Amino acid sequence: KRNTNEQNKCLSCDCWFLSLETVYSAITNMWGVLLKPKSCSLLLYCQRAAVPRCQVLLQRPMLPCANPALAQKPSAQRMLASSASSSSSAPSADQKQGISREEYNQRQRSVFSSPNLTQIFAQEVEEDVQQRLRTIVNSVPELGESSRVVDVGSGTGCLVPHMQARGVQDILAVDLSAAMLEVLQKKYGASQSTLGNDAGVRTWAGDILDLPNYLGWGADAFHFNGVFGNIHDPRAALLHASLQAKPGGHIVISHPMGRAWHCQLAASQPDITPHTLPSRHELDEMLKGLPLRVVDFTDAQDLYLAVLQVPPHYEFPGAPVLMSGPVVEGFGRGSKQMGVPTANIDPKPLETTLKAMHNGVYFGWVKVDAPPSLGFAPADSGVHKMVMNIGNRPTVNKGDEEPSVEVHTLHKFARDFYGQNIHVAVVGFIRPEMRFSKGFPELLNRIKLDISTARTQLDLCGHEAAELLKH
């Protein structure tokens, strides 16, 4: 076809260029995808003059899916483009920070619950991609029959057969889209019930941040495959997974099409994939203050793989850390009435030590100078287990309170010990400080979990540090 608009006439001869609209339409019909002016991938030449007279900037949109091997299927691309453009409430990338998690998740759920899209995702993955998916699952050591694995953003279950090949029988598939999970259930005989201890593939529809403890607690591995860029708050998701994974457990962020591919994806569909996969430096920054360490990192052209670990026994660099100081008055919030009395250590003399530690919840051992002459019981002067919080207490801080060091001893003393010297050996880091939106009840539940975690770990480790306090 020719466009008779004089503006499209070649300046070197009398031939005509196609209009951009005609080019878009022709290539859309040929590729079966919508095109956007984005990056240079096609030049239009005047064949008679043999010089470029018009440069058309085009990019083929990519598919933000949990099954990335299907990313080049035209039908899936058309549906996603349609879903993104037809949502009048879908904000731009510049506005995404103002979207609530509920609104964001609803949009994701709507896009990925299309009946036609779920059918496309259920199709077989090509062998070369299967090999990379196998590599992703095999990145977690020591998986077997007794292992528990949580597949976050599972889609229709592209990782499931590779987990089963390693003998894993307890698999929980988590996804916002119930439609995707329904396909997974049919493919792998998964149960809709999440109750009971029977081994098998189970499903749970929802956000990883809302995953109950009884479903994820003690998992050997959490997988975020092909989904990390779609999560509303990736760091919060890592924190939640780290709190539920067992000590020594792994969290895997992966994409079998690679980070460069995913960056183009995020650029082409920012409302669906607002985050890019983190580089190693960005990942290190993201993990600051979290109880996680990087044990393996691959950033290849066709594979992104970051393997993180909750350190065994929650150990952290520099442990054990020894601190001493007098017990001072706290903020009078009734911690004793809540059943978790704390002894406050003046943080100012400990400033150098505290600078090397992240704010958050730690555990270890404590010894109080508690002579019987002051009314203490003989056992009070021994070395006892403790949980300690360092930081600003964001849930209860009224805004004008200084940072504090608060120690909760897992021993009942015969009397208060204000003014007495206290000595602690910190051996484990459980979590960063968190703001609990539901206030004291939610905070208290988390404190009880922290105490339980500390008690269990101190039964298993850290006894050398306890010996340090005896001398």
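These lines cover the structure that appears in this document, whether it is placed above or below. Note that the structure is predicted; figures quoted are calculated from it, not measured.

What counts, and where the lines are drawn
Residues numbered from 1 in each chain as written. Predicted model: local features only at pLDDT ≥ 70, side-chain atom pairs only at ≥ 80, totals over all residues. Heavy atoms only, no water. Helix = DSSP H or I, 4+ residues; strand = E, 2+ residues; numbered from the N terminus. Buried < 20%, exposed > 50% of the residue type's maximum accessible area, 1.4 Å probe, protein only. Contact = heavy atoms within 4.5 Å. Areas by Shrake-Rupley, 256 points an atom, 1.4 Å probe, with all protein chains shown as cover. Pairing = 2+ DSSP bridges. Axes fitted to C-alpha atoms, helices over the stretch in contact; angles between N-to-C directions. 1 Å grid on protein atoms, 1.4 Å probe; cavity = no way out; pocket = protein on both sides within 12 Å on 5 of 7 lines; lining within 4 Å. Points joined across faces, edges and corners; volume = space filled by probe spheres on them. Phe/Tyr/Trp six-rings, centres within 6.5 Å; stacked < 30°, edge-to-face > 60°. Salt bridge = Lys/Arg side-chain N within 4 Å of Asp/Glu carboxyl O. Core = buried A, V, L, I, M, F, W, Y, C linked by side-chain atoms within 4.5 Å. Polar contact = N/O pair within 3.5 Å; in protein donor to acceptor, adjacent residues only side chain to side chain.

**Details of the overall build of the protein chain**
Helix and strand counts for the protein chain stand at 14 helices and 15 strands. Out of the 471 residues in the protein chain, the part that is buried amounts to 50%. Long-range pairs, those at least 24 residues apart, make up 70% of the contacts in the protein chain between residues at least 6 apart in sequence. Summed over all atoms, the accessible surface of the protein chain reaches about 22500 Å², with 50% contributed by carbon and sulfur.

**Some remarks on the pairing of strand β10 (residues 321–328)**
Relative to strand β15 (residues 421–432), β10 runs antiparallel, the two being bridged by six bridges. Directly across from V321, in β15, lies its bridge partner V426. Inspection of the sheet shows β10 paired to strand β11 (residues 343–345) by two bridges, in the antiparallel sense. Each bridged residue has a counterpart across the sheet, and for V328 the counterpart in β11 is N344.

**Regarding the sheet that holds strand β7 (residues 245–255)**
Reading across from one edge, β5-β4-β3-β6-β7-β9-β8 is the order of the seven strands in this open sheet, with mixed pairing throughout. Of all strands in the sheet, those with a lone pairing partner are β5 (200–205) and β8 (293–300), marking the two edges. On average, each strand axis in the sheet is tilted by 15 degrees relative to the strand beside it, whichever way the strands run. Here β7 pairs with strand β9 (residues 303–309) via six bridges, running antiparallel. Each bridged residue has a counterpart across the sheet, and for H250 the counterpart in β9 is Q309. Contacting β6 (219–225), β7 and β9, helix α9 (residues 234–244) runs over the sheet at an angle of about 145 degrees to β7.

**Describing empty space enclosed by the protein**
Under the counting rule described, the total for this entry stands at two cavities of 30 Å³ or more. Empty space within the second largest cavity amounts to approximately 30 Å³. Surrounding the second largest cavity, W217, S242, L243, Y314, I430, R446 and T453 form its lining. Put simply, the parts of the chain that give the lining of the second largest cavity at least two residues each are α9 and α13 (440–460).

**Observations concerning the packing of aromatic side chains**
Taken as a whole and judged by the stated rule, the model has seven aromatic pairs. Joined through ring pairs, the aromatic side chains of F316, Y362 and F429 make up one cluster.

**With respect to the pattern of salt bridges**
A full pass over the atoms with the stated rule returns 18 salt bridges. Measuring nitrogen to oxygen at the nearest pair gives 3.4 Å for the salt bridge that ties D170 to R148. Taken together, the residues D170 in strand β4 (residues 170–175) and R148 in strand β3 (residues 148–152) connect sequence positions 22 residues apart. You can call D170 buried: its relative accessible area is 16%. Residue class for R148 comes out partly exposed when judged on its relative accessible area of 23%. A salt bridge links E182 to K186; its shortest N-O distance comes to 3.8 Å. You can see E182 and its partner K186 sitting in helix α7 (residues 178–188), four residues apart, about one turn around the helix.

**Let's talk about the nonpolar core**
Counting 48 residues, the largest nonpolar core has L211, F222, F224, L238 and I253 as the members making the most contacts within it. The dominant element in this core, judged by the number of residues it contributes, is α9, at five residues. Setting aside chain neighbours within four positions, we find L211 in contact with V150, L172, V174, W204, G216, F222, H240 and Q244. Counting residues in hydrophobic clusters, the runner-up holds 25 residues, among them M323, L350, A370 and V424.

**Some points on the sheet that holds β10**
In space, the six strands of this closed barrel follow the order β10-β11-β14-β13-β12-β15, with antiparallel pairing throughout. The mean angle between the axes of side-by-side strands here comes to 45 degrees, regardless of whether they run parallel or antiparallel. As defined by bridge partners, β11 adjoins strand β14 (residues 404–409) across three bridges and the pair is classed as antiparallel. Each bridged residue has a counterpart across the sheet, and for A343 the counterpart in β14 is V407.

**A word on the pairing of strand β12 (residues 360–368)**
Where burial is concerned, most of β12 is hidden: eight out of the nine residues are buried. Relative to strand β13 (residues 383–391), β12 runs antiparallel, the two sharing eight bridges. Bridge pairing in β13 places G364 opposite M386. Direction of pairing for β12 relative to β15: antiparallel, over a ladder of nine bridges. Its bridge partner being in β15, G364 is matched across the sheet by V426.

**A look at the side chain of H275**
Note on placement: H275 falls in the loop between α10 (259–268) and α11 (280–287). At 3.1 Å, the side chain of H275 and the backbone oxygen of I231 are in polar contact. Here H232 takes part through its backbone oxygen, which lies 3.2 Å from a polar atom of the side chain of H275. In contact with H275, other than residues within four places in its own chain, are G229, I231, H232, P234, H262 and A266.

That's the geometry; what it means functionally is another story.
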